[in-house]
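Next come the chains, spelled out residue by residue.
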Amino acid sequence: MTVSRGRWPKIDQDSGIEDAVLLILEWLGEQGVGAAIRVDAERLRDQKPAWTFTAGGGPLRQPMRADGATAHECLSRALSYLREAGVDVPF
């Protein structure tokens, strides 16, 4: 984990992972990982998992992608995949 730069607020664990997404993206960037989360309106309209998280670079050996029906589901899967790849996100 990198040195805290004084901007990490305490996260309310009961409010959902969505509240930490910008901190997660920023932390990943500091590790050399490019990452993004997006929602696809067409997939949402077609009742398919519309949320997608992608990441690559830095300590990741290969790019990864996680999809979900909600932002929470998508981010939970992404964090699980990142941890399996050896990137221990501190949120």
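See the structure shown above.
Residues numbered from 1 in each chain as written. Predicted model: local features only at pLDDT ≥ 70, side-chain atom pairs only at ≥ 80, totals over all residues. Heavy atoms only, no water.

Caption draft 1: Up close: helix H3 (residues 71–84). Taking 1.5 Å per residue, 14 residues should reach 20 Å; H3 reaches 20 Å between its end C-alpha atoms and fits that length. Every buried residue belonging to H3 is among Ala-71, Cys-74, Leu-75, Ala-78, Leu-79 and Leu-82, and all of these are buried. The buried residues of H3 occupy an angular sector of 130° when the element is viewed end-on, so they sit on one face. In this structure, the buried residues of H3 make contact with helix H1 (21–30), strand S1 (34–39), strand S2 (51–56) and strand S3 (64–68). With its phi angle positive at about 90°, Gly-86 sits one or two positions after the end of H3. (Helix = DSSP H or I, 4+ residues; strand = E, 2+ residues; numbered from the N terminus. Expected span 1.5 Å × (residues − 1). Buried < 20%, exposed > 50% of the residue type's maximum accessible area, 1.4 Å probe, protein only. Arc of directions from axis to C-beta. Contact = heavy atoms within 4.5 Å.)

Caption draft 2: Quick look at the pattern of salt bridges. In total, this model carries five salt bridges according to the counting rule given. With a closest N to O distance of 3.6 Å, Asp-40 and Arg-38 form a salt bridge. The exposure class of Asp-40 is buried, given its relative accessible area of 18%. One network of salt bridges, in which partners are shared, links Arg-43, Arg-65 and Asp-67. (Salt bridge = Lys/Arg side-chain N within 4 Å of Asp/Glu carboxyl O.)

Caption draft 3: Molecular detail of unusual backbone geometry. Even without a glycine there, the phi angle at Gln-47 is positive, about 55°. Tracing the sequence through the fold places Gln-47 in the loop between helix H2 (41–45) and S2.

Caption draft 4: Representation of H1. By the burial criterion, the buried members of H1 are Val-21, Leu-23, Ile-24, Trp-27 and Leu-28. Looking down the long axis of H1, one finds its buried residues gathered within 160° of arc, a one-sided arrangement. Downstream of H1 by one or two residues, Gly-32 has phi in the positive range, about 90°.

As far as function goes, none of this settles anything; it's purely spatial.
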